[in-house]
Amino acid sequence: MECCFSAKLSPPYPSFILNLQLQGSSSHVHTRLSRHSRHPRLLSHPLPKPFLQVDETQTLRYQENSAVFALKAYKGQVVAEARKQGWDLGRFVKTLYFFNGPPSPAKFFEFLAAKLSSTSPSETAKPMGSSGIVLVVGATGGVGKRVVDILQKNGSQVRVLVRNEEKARKLLGSDIDMIVGDITKQNTLVPDYFKGVRKVINAASVIVGPKEGDTPDRAKYSQGIKFFEPEIKGDPPEMVEYIGMKNLINAVKESVGLENGKLLFGCEDNSFKDLPWGALDDVVMGGVSESTFQIDTTGGENGGPTGIFKGVVSTANNGGFTSVRTRNFAVPEDLSAYDGLELRLKGDGRRYKLIIRISRDWDTIGYTASFDTVAGQWQSIRLPFSTLRPIFRARTVADAPPFDPSNIISLQLMFSKFEYDGKLNPTFVEGPFQFPVSSIKAYIKDPITPRFVHVGSAGVTRPDRPGLDLSKQPPAVRLNKELDFILTFKLKGEDLIRESGIPYAIVRPCALTEEPAGADLIFDQGDNITGKISREEIARICVAALESPFALDKTFEVKSVVPFSEPFTVDPKNPPPEKDYNEYFKNLKDGITGKEYLEQRCPVSV
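The rules we used
- Residues numbered from 1 in each chain as written.
- Predicted model: local features only at pLDDT ≥ 70, side-chain atom pairs only at ≥ 80, totals over all residues.
- Heavy atoms only, no water.
- Helix = DSSP H or I, 4+ residues; strand = E, 2+ residues; numbered from the N terminus.
- Contact = heavy atoms within 4.5 Å.
- Buried < 20%, exposed > 50% of the residue type's maximum accessible area, 1.4 Å probe, protein only.
- Salt bridge = Lys/Arg side-chain N within 4 Å of Asp/Glu carboxyl O.
- Core = buried A, V, L, I, M, F, W, Y, C linked by side-chain atoms within 4.5 Å.
- Pairing = 2+ DSSP bridges.
- Expected span 1.5 Å × (residues − 1).
- Axes fitted to C-alpha atoms, helices over the stretch in contact; angles between N-to-C directions.
- Parallel < 35°, antiparallel > 145°, perpendicular 65-115°, else oblique.
- Left-handed = near helix turned anticlockwise from the far one by under 90°.
- Phe/Tyr/Trp six-rings, centres within 6.5 Å; stacked < 30°, edge-to-face > 60°.
- Lys NZ or Arg CZ within 6 Å of the ring centre and 35° of its normal.
- Right-handed = clockwise from strand over helix to strand, strands pointing away.
- Nonpolar A, V, L, I, M, F, W, Y, C, P; charged D, E, K, R; others polar.
- pLDDT = per-residue confidence, 0-100.

1. Observations regarding the overall build of the protein chain
Helix and strand counts for the protein chain come out as twelve helices and 32 strands. By sequence separation, contacts in the protein chain at least 24 residues apart represent 74% of the contacts at least 6 residues apart.

Written as C-alpha cells, this is what we have:
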C-alpha cells in the first residue's frame with residue numbers, strides 16, 4: 001500500500017487541508033497497521049468487523065456510524081510536504097481506533113485547524129469550588145438531633161439517615177434533607193443516597209432502657225442507665241453496633257474518602273493497578289513524534305514496578321507533542337472526596353502536563369495542570385483540582401463548566417512544545433525523553449480532619465479487663481453479657497472504623513444526661529474514667545471534631561467535672577463561655593484505645 005499526505009499551511013492562521021490518497025488492497029493495510037503499532041496494549045486489541053474497506057470504486061473507507069472518511073486511490077509514498085518527513089498513516093488510524101474512534105470528519109478537520117491556529121490571548125480560568133454535605137446518622141436520638149441543630153445554625157449542608165420518616169419530619173422539620181434507611185439492612189443504603197456526603201457524624205446506637213419502663217417525664221432517660229436495671233430495646237447490639245457499622249462504612253466510604261488517598265495507577269498492597277494507556281501523539285495532526293507507555297517490573301523507586309512514558313518528540317510537520325491517554329473509563333471515577341491528584345515520578349528537568357477529562361467526547365475540554373520536574377530525582381507532585389485550567393483546542397475557556405471530580409472519564413500525560421494560549425514550554429527540547437511514573441493517586445489535602453466522627457461509649461474495653469473492680473463500674477460494664485455483649489460489639493464496631501482507612505475520631509462519652517452544656521470537662525484516653533456528661537456537650541464536641549486536625553484518628557473518653565450527685569444548671573443571664581475544643585484535642589495521642597493495658601494516667605483537664 002502506498003499513499004500521499006499533503007498539508008498546506010498559510011500564515012498567520014493556517015487552514016489545514018488534508019488529502020490522504022491510497023492504493024492497494026485491504027490486506028496491505030492490515031499488514032502495515034500491525035507493523036507500526038508499537039504500543040503493547042494496542043496489539044492486544046484486534047481490529048473488529050471491516051476496519052478499513054475497499055469499495056467497488058477502489059476508494060478505501062473508514063466507517064464510524066454514518067460518517068465515511070474517504071481515502072482516494074493514488075500512487076505514491078506517505079510524505080509530508082512541510083519537511084519531507086515520513087508520516088505514518090497506520091499509526092494515525094490505529095490511534096483513532098484505540099480511543100474508540102474519531103469524531104465525524106468535519107469536526108475532526110475543524111479540530112486540526114483550530115489546534116494549529118490557536119493563538120488567542122490568555123484567559124483567566126474560573127475557580128473551581130467544592131462543597132460537601134454532613135450526614136447525621138441517628139438524627140432523631142438525643143445526641144443526633146442536637147448535632148443537626150448545631151450544624152444547621154452553622155450554615156452546614158445537612159442530610160440525615162433515619163428509620164422513621166414521620167418521626168424525623170416532626171422532630172427535625174419538614175424540609176430536612178433525608179435518607180430513609182436502616183444501617184442493619186444493607187439493601188436500604190443505596191449508594192446514590194450518599195452522593196455529595198463528605199463528612200459523617202454517627203450517633204446511632206443500640207437502644208437501652210430501664211426494664212420496668214420510664215416515667216412520663218422520662219426522668220430515668222434523663223439520668224442515664226446508672227440507677228435503673230437496663231435491657232436492650234429493639235435490634236441486638238451485634239446488628240446495630242457491628243453489622244450496622246460495617247454497612248454504614250461501606251455506604252459512605254467512597255463519598256468521604258480515604259486518609260491515604262485512592263490509588264488510580266500503581267502498586268499498593270502487593271498488587272499493581274494498571275490503566276488502559278494508549279499513545280496519542282502529534283501524528284493526529286500530521287506530525288512524526290512518537291511515544292509509548294510501558295510497565296517496567298523492576299524500574300521503580302525501590303526496585304518495584306513502574307510505568308514509563310517515553311518516546312521521541314519532533315517539531316517536524318508542525319508537530320511538537322507526545323502524550324499517553326487512557327481509554328474512557330467504563331465507569332467514571334468519583335474523586336469528589338479528594339482535593340487533587342498526586343504523581344510519584346522520577347523527573348528529567350522538563351515540564352509536563354496532566355489532563356483530566358470529564359466528558360466521553362473525543363474533542364472536548366481537558367482540565368489541565370502543568371508541572372515541573374527535577375532531573376534524576378524521585379518526587380511527589382500534587383496537582384490540586386482547584387488549580388486545573390479548562391483548555392479546549394489549546395485555549396483557556398473562561399466560561400467552562402466547573403471541573404466535576406465525581407465524573408472523571410480519562411487521564412492524559414503530555415510532553416509538548418506548547419503550553420496554552422500561545423505560550424511555549426520553556427523546558428521543551430526535541431529528541432528522546434523518558435519519564436517514569438510509579439503511581440497516580442487522589443489525595444486529601446493537609447491538614448486532614450476527621451471525615452467520620454463516631455459517638456461510642458466509655459467502658460468498651462473493660463468487661464474482660466483483669467483486676468477491674470466491677471462494683472465501681474457502670475451497669476453496661478457489669479452487665480455486658482446480660483445486655484447481649486453490648487460493649488463487646490461497640491468495640492468491634494470501633495475497630496471497623498479504625499481499619500477502614502477513613503479519617504476518623506471516636507468520642508466515648510460517659511453516662512449521658514439531659515443537662516445543659518457548659519460544665520468543665522475532662523478528656524482522657526485508655527478507657528478508665530467514669531462520670532456523666534450532657535448530650536448537648538457531646539453534640540458540640542462531635543461538630544468541633546469535624547474541623548480539627550488534632551482530633552484526627554483519636555479515640556478518647558470525656559466527662560464533666562460535676563459528680564452524679566450534683567445536678568448541673570446554667571444561669572441564662574450569665575452563661576458559661578464557649579469552649580475551644582481544640583485545647584482538649586491538642587492533648588490527645590495516637591493509638592490509645594484502652595486495649596493496650598497501658599498504665600493508668602492522670603486525666604487531662606483544661
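Now, onward.
2. Topic: helix 11 (residues 535-545)
Counted residue by residue, helix 11 has eight buried out of eleven residues, so it is predominantly covered. Within helix 11, burial applies to Arg 535, Glu 537, Ile 538, Ala 539, Ile 541, Cys 542, Val 543 and Ala 545.

3. Digging into the pattern of salt bridges
According to the stated counting rule, one finds 33 salt bridges in the structure shown. The closest approach of N and O atoms between Glu 494 and Arg 508, which form a salt bridge, is 2.7 Å. One end of the pair, Glu 494, is in helix 10 (residues 486-500); the other, Arg 508, is in strand 27 (residues 504-509), and 14 residues separate them in sequence. With respect to class, Glu 494 is no different from Arg 508; both count as buried. The closest approach of N and O atoms between Asp 590 and Lys 554, which form a salt bridge, is 3.3 Å. One end of the pair, Asp 590, is in the loop between helix 12 (582-585) and strand 32 (604-605); the other, Lys 554, is in strand 31 (residues 554-560), with 36 residues separating them in the sequence. We classify Asp 590 as exposed; its relative accessible area is 57%. A network of salt bridges, in which partner residues are shared, links Glu 494, Asp 495, Arg 498, Arg 508, Glu 557 and Lys 595.

4. Some details on the nonpolar core
Leu 341, Phe 371 and Leu 411 are the most contacted members of the largest nonpolar core, which has 43 residues in total. Sorting the residues of this core by element identifies strand 12 (262-268), strand 16 (306-313), strand 18 (340-346), strand 19 (351-357), strand 20 (366-372), strand 21 (378-384), strand 24 (410-416) and strand 25 (431-443) as the ones contributing at least two each. Looking at this core element by element, the count peaks at five residues for strand 25.

5. Structural notes on unusual backbone geometry
Residues Asp 446 and Pro 447 are joined by a peptide bond in cis, for which omega reads -5°. Of note, Pro 447 is situated in the loop between strand 25 and strand 26 (452-455). The backbone phi angle of Arg 393 is positive, close to 55°, even though this residue is not glycine. Of note, Arg 393 is situated in the loop between strand 22 (389-392) and strand 23 (395-396). Look at Asp 421: it is not a glycine, yet its phi comes out positive at around 55°.

6. Observations concerning the sheet that holds strand 23
Strand order in this open sheet of seven strands is 14-17-24-19-20-22-23, and the pairing throughout is antiparallel. The strands lining the two open edges of the sheet, one partner per strand, are strand 14 (277-279) and strand 23. Of the strand pairs in this sheet, strand 19 and strand 24 are connected by five bridges, and their pairing is antiparallel. Across the sheet, the residue bridging to Ile 355 is Gln 412, located in strand 24.

7. Remarks on helix 10
An α-helical turn contains 3.6 residues, so a residue and the one three or four places further along point in the same direction. For helix 10, with 15 residues, the first-to-last C-alpha span of 21 Å sits near the 21 Å given by 1.5 Å per residue. Summarising burial for helix 10: eleven of the 15 residues are buried, a large majority. Just downstream of helix 10 lies Gly 501, where phi reads positive at about 90°.

8. Let's talk about the packing of helix 5 (residues 142-153) against helix 11
How two helices sit against one another is set out by the angle between their axes and by the gap between those axes. At a minimum axis separation of 8 Å, helix 5 and helix 11 run at an interaxial angle of 50°. Taken together, the axes of helix 5 and helix 11 lie oblique to each other. The interaxial crossing formed by helix 5 with helix 11 has right-handed handedness. Where helix 5 approaches helix 11, its residues Gly 142, Val 143, Arg 146, Val 147, Ile 150 and Leu 151 are matched on the opposing element by Arg 535, Glu 536, Ile 538, Ala 539, Arg 540 and Val 543.

9. Details of the environment of Ile 522
Mapping Ile 522 onto the fold places it in strand 29 (residues 521-524). Residue Ile 522 is classed as buried on the basis of its relative accessible area of 15%. Expressed as a C-alpha distance, the spacing of Ile 522 and Glu 557, which sit 35 residues apart in the sequence, is 8.2 Å.

10. Re the packing of aromatic side chains
For any pair of aromatic rings, geometry is given as the distance between the ring centres together with the angle between the planes. Tallied over the full model, the rule gives 20 aromatic pairs. For the ring pair Tyr 352 and Phe 433, a centre distance of 6.4 Å and an interplane angle of 55° mean the geometry is tilted. Of this pair, Tyr 352 sits in strand 19 while Phe 433 sits in strand 25, placing them 81 residues apart in sequence. The pair Tyr 352 / Phe 433 is uniform in exposure class, with both members buried. Among the aromatic residues, those joined into a cluster by ring pairs are Phe 309, Tyr 352, Phe 371, Phe 415, Phe 428, Phe 433 and Phe 435. The ring of Trp 362 has Arg 325 lying over it, and the distance from NZ or CZ to the ring centre is 5.9 Å. Of note, Lys 492 hangs over the ring of Tyr 242, and the distance from its end group to the ring centre comes to 4.6 Å.

11. Quick word on the pairing of strand 7 (residues 157-162)
Among the six residues of strand 7, five are classified as buried, and the element is accordingly described as predominantly covered. Judged from the five bridges that link them, strand 6 (residues 133-137) and strand 7 form a sheet pairing that is parallel. Looking at strand 7, one finds that Leu 135 is bridged to Arg 159. What joins strand 6 to strand 7 is helix 5, and the crossover it makes is right-handed. Sheet topology note: the strand 7/strand 8 (residues 177-180) ladder contains four bridges and is parallel. Bridging across to strand 8, Val 160 finds its partner in Met 178. Assessed by its sense of winding, the connection that carries the chain from strand 7 through helix 6 (residues 165-172) to strand 8 is right-handed.

12. Re the packing of helix 8 (residues 237-256) against helix 10
Look at helix 8 against helix 10: their axes get within 7 Å of each other, and the N-to-C directions meet at 15°. As the angle between them shows, helix 8 and helix 10 are arranged roughly parallel. You can see that helix 8 and helix 10 cross each other, and the crossing is right-handed. Of the residues in helix 10, those in contact with Pro 237, Glu 238, Glu 241, Tyr 242, Met 245, Lys 246, Ile 249 and Lys 253 of helix 8 are Ile 486, Phe 489, Lys 490, Lys 492, Gly 493, Leu 496, Ile 497 and Ser 500. Its residues assigned to classes, the contact of helix 8 with helix 10 shows eight nonpolar, two polar and six charged.

13. Let's talk about the confidence of the model for the protein chain
Scored by pLDDT, the protein chain comes out at a mean of 81, with 75% of its residues at no less than 70. With pLDDT under 50 throughout, residues 1-84 is counted as low confidence; its partners more than four residues away or in other chains account for 167 contacts. Long-range and interchain partners of residues 118-130, a stretch whose pLDDT sits below 50, account for 29 contacts in this model, where long-range means more than four residues apart.

14. A word on the environment of Ala 337
On the secondary structure map, Ala 337 appears in the loop between strand 17 (321-326) and strand 18. Under the relative-accessibility criterion, Ala 337 is labelled buried at 3%. For the pair Ala 337 and Ile 444, spaced 107 residues apart in sequence, the C-alpha separation works out to 7.6 Å. Ignoring anything within four residues of it in the chain, the contact list for Ala 337 reads Arg 198, Glu 254, Ser 255, Val 256, Gly 257, Ile 444 and Arg 451.

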